[in-house]
Amino acid sequence: AVAVVAAEDEPMDIEQALKAVLKSAICHDGLARGLHEAAKALEKKTAKLCVLAQSCDEAAYTKLVEALCAEHNVNLMKVADGKELGEW
């Protein structure tokens, strides 16, 4: 496994910051993965941020997640590749 660590002087880009946040959430058992877990977290209003892959080809999933985020005022962030997101 290769770890990417930004030097303290260099600012993180969005992707590096998101990786750090997701790793922290995993460590604190605060990460919901997949449509079912994400929808439950959004409905319970425990979600703080939702990350959706732009490569998702299921329009119904995208529409549902976007609607739940809007309804519950949760920030939605889109990343290019869902497979890469799963590796984080």
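Scroll up for the structure.
Thresholds, definitions, all that
- Residues numbered from 1 in each chain as written.
- Predicted model: local features only at pLDDT ≥ 70, side-chain atom pairs only at ≥ 80, totals over all residues.
- Heavy atoms only, no water.
- Helix = DSSP H or I, 4+ residues; strand = E, 2+ residues; numbered from the N terminus.
- Buried < 20%, exposed > 50% of the residue type's maximum accessible area, 1.4 Å probe, protein only.
- Pairing = 2+ DSSP bridges.
- Salt bridge = Lys/Arg side-chain N within 4 Å of Asp/Glu carboxyl O.

## A look at unusual backbone geometry
A positive phi angle is found at Lys45, which is not glycine, with a value near 65 degrees. With respect to the helices, strands and loops of the structure, Lys45 is situated in the loop between α2 (34-43) and β1 (49-53). Lys45 gets classed as exposed once you look at its relative accessible area, which sits at 60%. For Asn73, which is not glycine, the phi dihedral falls at a positive 55 degrees. Here Asn73 lies in the loop between α3 (59-71) and β2 (75-79).

## Looking at the pairing of β2
Pairing geometry for β1 and β2, over five bridges, is parallel. Its bridge partner being in β2, Val51 is matched across the sheet by Met77.

## Considerations on the pattern of salt bridges
Scanning the entire structure with this criterion turns up one salt bridge. Glu66 is the salt-bridge partner of Lys78, the closest N and O atoms lying 2.5 Å from each other. Of this pair, Lys78 sits in strand β2 while Glu66 sits in helix α3, and the two are twelve residues apart along the sequence. What makes Lys78 partly exposed here is its relative accessible area of 38%.

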